[in-house]
Amino acid sequence: MHTVKYGSSGLMEDQHERNHLFTVCMLSTAHDANDSRITYKEAVSLAKAGYNTLFIVPHHGEEVIEGVRIVPLPIPRSRSERMWTTTWRLYRAARQIDADVYHFHDPELIPIGLWLKKKGYRVIYDVHEDVPRQILSKGWIPKWLRGGVSRLVERIELWASLRFDAIVTATTHIEERFARHPKCYTKTVCNYPILDEFVHTAESPQSVQSVQSGEFIGISQHAGKEDAVCYVGSIGNIRGLQQIVGAMEFGIPDKKLLLAGSFASAEEKHVAMGRSGWAKVDYLGQLNRKQVYETMARSRAGLVILHPTINYIDALPIKLFEYMAAGIPVIASDFPKWRQIIEQAGCGFCVDPFDLEGISQRIDWLITHHEEAEEMGRCGQEAVQSLYHWNVEKEKLLHVYADVTGRIRKEEVQQTAFGMMNRERERKVVK
């Protein structure tokens with residue numbers, strides 16, 4: 001590991017310069033190099049705070065993203081290759097980097113985290129999902145096995161987490177599982193939008209925003225709007241694919257669904273394409289971040305029609321807040337936590353995720369009521385600006401790192417002091 005060196009100013013030196021003494025390495029085999037939470041929020045925030053920040057991840061080649069160095073691994077061709085070959089490659093790459101702090105993001109990397117911890121490194125586990133609950137809805141695991149696998153994974157996850165230096169969770173619901181153990185240092189860092197990403201300039205003055213000046217206008221309701229709604233993200237049945245396509249079969253005949261992302265399976269895509277509502281779908285494929293915001297700018301509303309699985313009911317999906325930040329109303333599944341957020345903000349509607357006609361009616365209403373939809377969009381923006389944005393969460397992350405690297409500094413100081421005492425003893429013996 002890197003040795004911390006203190007200058008003449010000691011612990012009083014600038015925080016940014018002190019952070020620069022530490023190397024942080026993000027680890028993931030299940031995400032990509034352009035992941036919103038890992039790269040653009042956490043890693044970039046750490047790099048801007050002065051940490052030497054790297055990210056080991058399957059990628060097509062070396063790259064630097066806003067100060068974050070991407071260390072590429074070969075992209076796996078299957079789940080089994082990812083779980084075994086890619087994981088082993090990641091561990092070897094991590095040991096070669098010899099970072100001070102390793103921050104991993106996939107439950108399958110828990111053994112890697114434990115190995116790194118055993119080697120003396122600081123390790124942070126970032127828990128994006130309630131994994132034991134998520135397993136209960138995994139289609140590739142036989143139903144009769146899911147309960148047992150879920151309980152086993154929960155025990156392993158909690159046992160391992162007690163050995164890590166910190167647990168970062170994406171929601172307070174997930175944090176509660178770990179916080180029951182007093183020895184488990186846990187902090188919730190929500191996956192809220194980065195306000196600066198919604199700052200852009202277009203020809204229409206209505207679409208110009210400025211976060212720097214404290215004014216956040218968002219994407220205009222009138223500039224370039226179509227009679228369309230959008231869904232952006234992972235596409236699959238459990239995320240409401242069949243329902244949002246089916247809803248297009250009702251109501252206004254010329255409305256459109258802008259669909260962006262990758263499909264969970266070819267079979268689910270085939271079923272969706274066989275529905276009559278698919279004729280109104282404009283499938284955009286996988287988009288970069290700029291294209292995502294352009295898609296939202298074209299839309300009258302954003303859809304988050306997820307199924308009521310145990311894992312989703314208490315989740316805080318980033319797309320919900322990104323739609324709000326973009327200034328478009330939200331049509332979301334009627335889950336208690338989501339209803340509370342949407343009703344308090346006055347930024348959209350909650351619907352039964354299996355009621356196709358009900359979903360269609362809300363879509364049609366927002367398409368035909370421009371002024372009301374625009375007001376909902378403004379309310380969503382105000383809620384994001386005051387409550388649901390990354391600037392607040394970034395400070396929580398930096399606090400975790402200050403604690404973890406502070407322990408490294410303390411150990412270095414203690415080792416230095418111990419070494420000085422030993423040398424003094426040796427000097428006296430020689431005399």
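The structure displayed is predicted, hence computed values, not measured ones.

Rules and cut-offs
- Residues numbered from 1 in each chain as written.
- Predicted model: local features only at pLDDT ≥ 70, side-chain atom pairs only at ≥ 80, totals over all residues.
- Heavy atoms only, no water.
- Helix = DSSP H or I, 4+ residues; strand = E, 2+ residues; numbered from the N terminus.
- Buried < 20%, exposed > 50% of the residue type's maximum accessible area, 1.4 Å probe, protein only.
- Contact = heavy atoms within 4.5 Å.
- Areas by Shrake-Rupley, 256 points an atom, 1.4 Å probe, with all protein chains shown as cover.
- Pairing = 2+ DSSP bridges.
- Axes fitted to C-alpha atoms, helices over the stretch in contact; angles between N-to-C directions.
- Left-handed = near helix turned anticlockwise from the far one by under 90°.
- Nonpolar A, V, L, I, M, F, W, Y, C, P; charged D, E, K, R; others polar.
- Phe/Tyr/Trp six-rings, centres within 6.5 Å; stacked < 30°, edge-to-face > 60°.
- Salt bridge = Lys/Arg side-chain N within 4 Å of Asp/Glu carboxyl O.
- Right-handed = clockwise from strand over helix to strand, strands pointing away.
- Core = buried A, V, L, I, M, F, W, Y, C linked by side-chain atoms within 4.5 Å.
- Parallel < 35°, antiparallel > 145°, perpendicular 65-115°, else oblique.

### So, the overall build of the chain
So, step 1. A tally of helices and strands in the chain yields 16 helices and 14 strands.
So, step 2. Burial analysis of the chain (431 residues in total) assigns 52% to the buried set.
So, step 3. Intrachain contacts of the chain at a sequence separation of at least 6 include 66% that bridge at least 24 residues.
So, step 4. Surface accessibility of the chain: about 20,300 Å² in total, with carbon and sulfur atoms responsible for 54%.

### Quick look at the sheet that holds strand S11 (residues 281–285)
So, step 1. One open sheet accounts for six strands, arranged S11-S10-S9-S12-S13-S14; its pairing is parallel. Each of the sheet's edge strands pairs with one partner strand only, and the pair in question is S11 and strand S14 (348–351). Each strand of the sheet is rotated relative to its neighbour by a mean of 20°, with strand direction disregarded.
So, step 2. Examined bridge by bridge, strand S9 (residues 228–232) and strand S10 (residues 256–260) share five bridges and lie parallel to one another.

### Focus on the sheet that holds strand S2 (residues 52–58)
So, step 1. As summarised here, the arrangement of the eight strands in space is S3-S4-S2-S1-S5-S6-S7-S8, forming an open sheet in which the pairing is mixed. Both edges of this open sheet fall to strand S3 (63–65) and strand S8 (186–188), since each of them pairs with a single strand only. Neighbour to neighbour, the strand axes of the sheet diverge by 25° on average, direction disregarded.
So, step 2. Across three bridges, the pairing between strand S7 (residues 166–169) and S8 is parallel. Paired with Ile-167 across the bridge in S8 is Thr-186.
So, step 3. Running over the sheet, helix H4 (residues 110–118) touches strand S1 (23–27), strand S5 (101–104) and strand S6 (122–127) and is turned about 160° from S6.

### Description of the packing of helix H10 (residues 289–298) against helix H12 (residues 318–325)
So, step 1. Where H10 contacts H12, the two axes come as close as 10 Å, and the packing angle between them is 65°. Handedness of the H10/H12 crossing: right-handed. Across from Arg-289, Val-292, Tyr-293 and Met-296 in H10, the residues of H12 making contact are Lys-319, Glu-322 and Tyr-323.
So, step 2. Tallied by class, residues from the contact of H10 with H12 come to four nonpolar, no polar and three charged.

### Thoughts on the packing of aromatic side chains
So, step 1. Summed over the entire model, instances satisfying the criterion amount to 14 aromatic pairs.
So, step 2. Ring plane angle 75° and centroid distance 5.4 Å describe the contact between Phe-104 and Phe-164, whose orientation is recorded as edge-to-face. Here the residue Phe-104 occupies a position in strand S5, and Phe-164 occupies one in the loop between helix H6 (143–161) and S7, the gap between them amounting to 60 residues.
So, step 3. Residue Phe-164 is classed as buried on the basis of its relative accessible area of 6%.
So, step 4. Plain terms: the ring middles of Tyr-192 and Tyr-388 are 5.4 Å apart, the flat faces sit at 70° to each other, and that makes the pair edge-to-face. Linking Tyr-192 in the loop between S8 and S9 with Tyr-388 in the loop between helix H15 (370–386) and helix H16 (390–430), this pair joins segments that are 196 residues apart in sequence. Each member of the pair Tyr-192 and Tyr-388 is classed as buried.
So, step 5. Cluster of aromatic residues (ring-pair linked, three or more members): Trp-88, Tyr-91 and Trp-115.

### Quick word on unusual backbone geometry
So, step 1. Even without being a glycine, Glu-66 presents a positive backbone phi close to 50°.
So, step 2. Along the chain, Glu-66 falls in the loop between S3 and strand S4 (68–73).
So, step 3. Positioned with a positive phi, Asp-98 is a non-glycine residue whose angle comes to about 55°.
So, step 4. With respect to the helices and strands, Asp-98 occurs in the loop between helix H3 (79–97) and S5.

### Some words on the pattern of salt bridges
So, step 1. Inspection of every chain in the model, using the stated rule, returns 24 salt bridges.
So, step 2. Between Glu-154 and Arg-133 there is a salt bridge whose closest N-O contact spans 3.0 Å. With Glu-154 in helix H6 and Arg-133 in helix H5 (residues 131–135), the pair connects residues that are 21 residues apart, well separated along the chain.
So, step 3. As a salt-bridge pair, Asp-282 and Arg-298 come within 3.7 Å of each other at their nearest N and O atoms. Here Asp-282 is found in strand S11, whereas its partner Arg-298 is found in helix H10, with 16 residues between them in sequence.
So, step 4. By relative accessible area, Asp-282 is classed as partly exposed at 26%.
So, step 5. Residues joined in a network through salt bridges with shared partners are Asp-130, Arg-133, Glu-154, Glu-157 and Arg-177.

### A closer look at the pairing of S9
So, step 1. In terms of burial, S9 is largely enclosed, as five of its five residues are buried.
So, step 2. Regarding topology, helix H8 (residues 241–247) serves as the crossover connection from S9 to the parallel S10, and that connection is right-handed.
So, step 3. In this structure, S9 lies alongside strand S12 (residues 301–304), joined through two bridges in parallel fashion. Bridge pairing in S12 links Cys-230 to Gly-302.

### Details of the nonpolar core
So, step 1. With 62 residues, the main nonpolar core has Leu-259, Met-296, Tyr-323 and Met-324 as its most contacted residues.
So, step 2. If we ignore the near neighbours within four places in the chain, the residues touching Leu-259 are Tyr-231, Ile-235, Leu-241, Ile-244, Trp-278, Val-281, Asp-282, Tyr-283, Leu-284 and Gly-285.

### Regarding the pairing of S2
So, step 1. In terms of burial, S2 is a largely internal element, six of the seven residues being buried.
So, step 2. Relative to S2, S1 runs parallel, the two being bridged by five bridges. Looking across to S2, one finds that Cys-25 is bridged to Leu-54.
So, step 3. Here S2 runs beside S4; their pairing, made up of five bridges, is parallel. When the bridges of S4 are listed, Ile-56 appears paired with Val-71.

### Re the packing of helix H14 (residues 356–368) against H15
So, step 1. Direction vectors running N to C along H14 and H15 enclose 100°, while the axes themselves pass 5 Å from each other. Taken together, the axes of H14 and H15 lie roughly perpendicular to each other. Listed contacts from H15 to Trp-365, Leu-366, Ile-367 and Thr-368 of H14 are His-370, Glu-372, Ala-373 and Met-376.

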